[in-house]
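Residues per chain are reported as follows:
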Amino acid sequence: MEQLKTLFAQWAGVPCTECLALGANGSSRRYYRLIGERSAHAGVTSRLTAIGCIADDLRENEAFFAYDRHFHAKGMPVPELYLVADDRRHYLQQDLGDQTLYGLLYDKQRQGGGFDAEMLSLYKQALADIAAIQQAGADMDFSLAYPRSDFDRQSILWDLNYFKYHFLKLRYIAFDEQLLENDFNALADYLLTADTRYFLYRDFQARNIMLSPNGCSEGGPYGPQLYYIDFQGGRRGAAQYDVASLLYSAKSNLPEAIRRELLGHYLDVRNIRGEERRQWMDHFWAYLLVRILQTLGAYGYRGLFERKDYFIQSIPLALNNLRNLLQNHPLPIPLPEINRICRDTACSVPYFQPPIADSQLTVTVLSFSFKKGLPADPSGNGGGFIFDCRALPNPGRYPEYKAYTGKDRPVIEFLQKEPAVDLFLSHVEAIVSQSVEKYLERDFTSLQVAFGCTGGQHRSVYCAEQLAARLSKKYSCNVVLRHREQDR
């Protein structure tokens with residue numbers, strides 16, 4: 001860190017007074033916020049900040065430096081690169097704050113909201129921006145791209161084999177090696193018939209999109225200014241990959257109707273219409289398949305092998321994306337072994353839950369459909385509660401709500417307007433709170449609370465979300481939230 005502090009003093013003209021470590025999720029790079037103070041008139045001081053990075057992969061660093069300077073020169077919203085040390089391992093860049101697009105979405109979901117009008121506007125801005133970035137980077141010097149200059153056959157096969165070795169193998173899912181390789185090659189052949197002359201960001205997801213701090217920018221046509229980070233893995237490739245990465249990110253878990261609207265928005269921004277639009281979409285579903293499989297490989301390695309809870313929790317959501325893709329968007333080429341394995345994988349892999357300390361109370365709050373049976377209690381205690389939500393007003397009876405769940409803003413607003421729902425939840429909270437307090441007092445370790453409705457989609461999901469949020473605020477215990485039918 002001393003070298004980062006030296007760089008900061010060289011850039012800012014004042015010494016670094018604080019150096020705060022920042023999280024990096026799955027990255028091996030180490031990030032720090034460096035802070036200094038500059039004296040102004042009348043004893044007033046101004047605060048200077050920068051983000052320092054320590055990264056040992058020199059080729060990846062050189063790719064990032066070249067990309068960042070290229071995009072910055074073209075006016076793209078990327079962080080400004082301030083200084084790079086002589087060793088090329090330490091560098092300073094613009095501090096864009098701490099608020100990511102995913103962080104904002106997560107906060108809204110935890111507060112009982114979800115994908116509202118503000119989120120829709122921000123996602124539209126992100127898709128307009130990525131369209132510009134993809135084209136602005138098309139004339140990039142890709143000789144510095146790492147590990148390859150193109151998302152070519154080799155890159156595609158690396159991603160597919162990542163899924164094979166780090167998910168299928170770790171989950172002991174049987175497959176025919178030769179048949180699977182045949183399908184991998186056929187899929188790669190088809191993907192490369194798409195237009196691959198764009199900058200492929202590679203990891204275009206909501207976690208890598210920053211909302212600018214106040215005063216950083218006036219904003220874009222769809223909302224506040226967004227900035228884009230972590231594009232060092234970019235290379236030349238097809239535009240569909242990045243759009244699939246953003247819209248089908250497992251943890252963001254966007255409603256399907258919203259995904260369709262945003263996908264149409266991107267195509268309109270690009271002015272892709274008619275037969276070109278149909279062909280573009282055919283390739284889009286194929287690139288989405290590769291992205292989902294690559295993501296499952298990453299979750300398998302980081303979660304099942306390295307035992308990182310965050311990635312384990314993401315597996316059911318990625319499997320849900322895979323299942324929906326297979327059911328609703330069959331590919332125009334035969335991939336019998338991939339289809340068989342993916343179908344078996346999406347339907348048979350159980351819910352993944354990270355280990356929790358035995359000595360602490362865990363309250364599992366879940367939703368389910370009465371049509372598919374009562375939920376089991378894996379703790380073996382046989383206690384807890386099952387609440388029947390079928391007497392509540394049902395948004396599922398109206399066509400405009402059928403594509404949504406109880407986590408989405410339209411359904412939330414529908415149910416929040418109904419006095420019967422609020423009364424029901426108040427009674428439930430009072431009953432459950434009595435048990436939670438006694439369980440904590442007596443050092444019990446497990447309590448299950450389940451909400452059932454007809455389809456396990458609207459009322460039960462909403463009630464489970466609301467109770468889990470209330471319990472998390474009131475008590476010092478683990479609250480595990482599950483939606484049985486949605487997880488499946």
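Owing to the predicted nature of the structure, the values given are computational and were not obtained by experimental measurement.

> Go over the overall build of the chain with me, naming the residues and quoting the values.
Helix and strand content of the chain: 15 helices and 13 strands. Its C-alpha radius of gyration of 24 Å places the chain within 12% of the 23 Å reference for a compact globule of 488 residues. Projected onto its principal axes, the C-alpha coordinates of the chain cover approximately 70 × 65 × 40 Å. Across the 488 residues of the chain, 52% fall into the buried class.

> For helix α2 (residues 58-73), give the residues involved together with the corresponding values.
One turn of the α-helix equals 3.6 residues, which is why residues spaced by three or four share an orientation. Helix length check: α2, at 16 residues, gives a terminal C-alpha distance of 23 Å against a target of 22 Å (1.5 Å per residue), a fit within 8%. Within α2, the full set of buried residues consists of Glu60, Asn61, Ala63, Phe64, Phe65, Tyr67, Asp68, His70 and Phe71. Contacts from the buried residues of α2 go to β4 (81-84), β5 (90-93), α4 (117-136), β6 (198-200) and β9 (235-237). Two residues or fewer after α2 comes Gly75, characterised by a positive phi angle close to 80°.

> I'd like a description of the packing of α4 against helix α8 (residues 256-269), backed by residues and values.
Relative placement of two packed helices is described by the angle separating their axes and the distance separating the axes. Two elements in contact, α4 and α8, have axes whose closest approach is 9 Å; the angle formed by their N-to-C orientations is 40°. In terms of crossing hand, the pair formed by α4 and α8 is right-handed. Two secondary-structure elements touch here, α4 through Leu120, Tyr123, Lys124, Leu127, Ala128, Ile130, Ala131 and Gln134 and α8 through Ile258, Glu261, Leu262, His265, Tyr266 and Val269.

> Please set out helix α5 (residues 153-168) residue by residue, giving values where relevant.
With 16 residues, α5 extends 21 Å from end C-alpha to end C-alpha; this agrees with the ideal 22 Å at 1.5 Å per step. Within the sequence span of α5, burial applies to Ser155, Ile156, Leu157, Asp159, Leu160, Phe163, Lys164, Phe167 and Leu168.

> Please give an account of the nonpolar core that cites residues and values.
Of all hydrophobic cores here, the largest spans 133 residues; its most connected members are Phe71, Tyr123 and Phe451. Ranked by residues supplied to this core, first place goes to helix α9 (residues 274-305) with 14 residues. Look past the residues within four positions of Tyr123 in its chain and what remains in contact with it is Leu101, Leu105, Phe115, Ala206, Leu246, Ser252, Leu254 and Leu262. Residues Ala12, Val14, Leu48 and Leu92 belong to the second largest nonpolar core, which totals 13 residues.

> An account of empty space enclosed by the protein is requested, with residue identities and associated values reported.
Considering all chains together, one arrives at 2 cavities of 30 Å³ or more under this definition. For the largest cavity, the full set of lining residues is Gln109, Arg110, Gly112, Glu465, Gln466, Ala468, Ala469 and Leu481. Broken down by secondary-structure element, the contributors of at least two residues to the lining of the largest cavity are α3 (101-110) and α14 (459-474). A per-element tally of the lining of the largest cavity places α14 first, with 4 residues. Tallied by class, the residues present in the lining of the largest cavity amount to 3 nonpolar, 3 polar and 2 charged. Its boundaries defined by the atoms lining it, the second largest cavity holds a volume of some 30 Å³. Taken together, Gln109, Gly112, Gly113, Gly406, Lys407, Ile412 and Glu465 make up the lining of the second largest cavity.

> With reference to specific residues and values, describe the sheet that holds strand β12 (residues 446-453).
Read from one edge of the open sheet, 4 strands run β11-β12-β10-β13, paired in parallel fashion. Each of the sheet's edge strands pairs with one partner strand only, and the pair in question is β11 (385-388) and β13 (478-483). Here the average twist between neighbouring strands, direction ignored, is 15°. Where strand β10 (residues 362-369) and β12 come together, 8 bridges link them in parallel fashion. Of the residues in β12, the one forming a bridge with Leu366 is Ala450. Each of β10, β12 and β13 touches α14; the most contacted strand, β10, lies at about 170° to it.

Parameters at a glance
Residues numbered from 1 in each chain as written. Predicted model: local features only at pLDDT ≥ 70, side-chain atom pairs only at ≥ 80, totals over all residues. Heavy atoms only, no water. Helix = DSSP H or I, 4+ residues; strand = E, 2+ residues; numbered from the N terminus. Rg over C-alpha atoms; globule rule 2.2 N^0.38 Å. Buried < 20%, exposed > 50% of the residue type's maximum accessible area, 1.4 Å probe, protein only. Expected span 1.5 Å × (residues − 1). Contact = heavy atoms within 4.5 Å. Axes fitted to C-alpha atoms, helices over the stretch in contact; angles between N-to-C directions. Left-handed = near helix turned anticlockwise from the far one by under 90°. Core = buried A, V, L, I, M, F, W, Y, C linked by side-chain atoms within 4.5 Å. 1 Å grid on protein atoms, 1.4 Å probe; cavity = no way out; pocket = protein on both sides within 12 Å on 5 of 7 lines; lining within 4 Å. Points joined across faces, edges and corners; volume = space filled by probe spheres on them. Nonpolar A, V, L, I, M, F, W, Y, C, P; charged D, E, K, R; others polar. Pairing = 2+ DSSP bridges.

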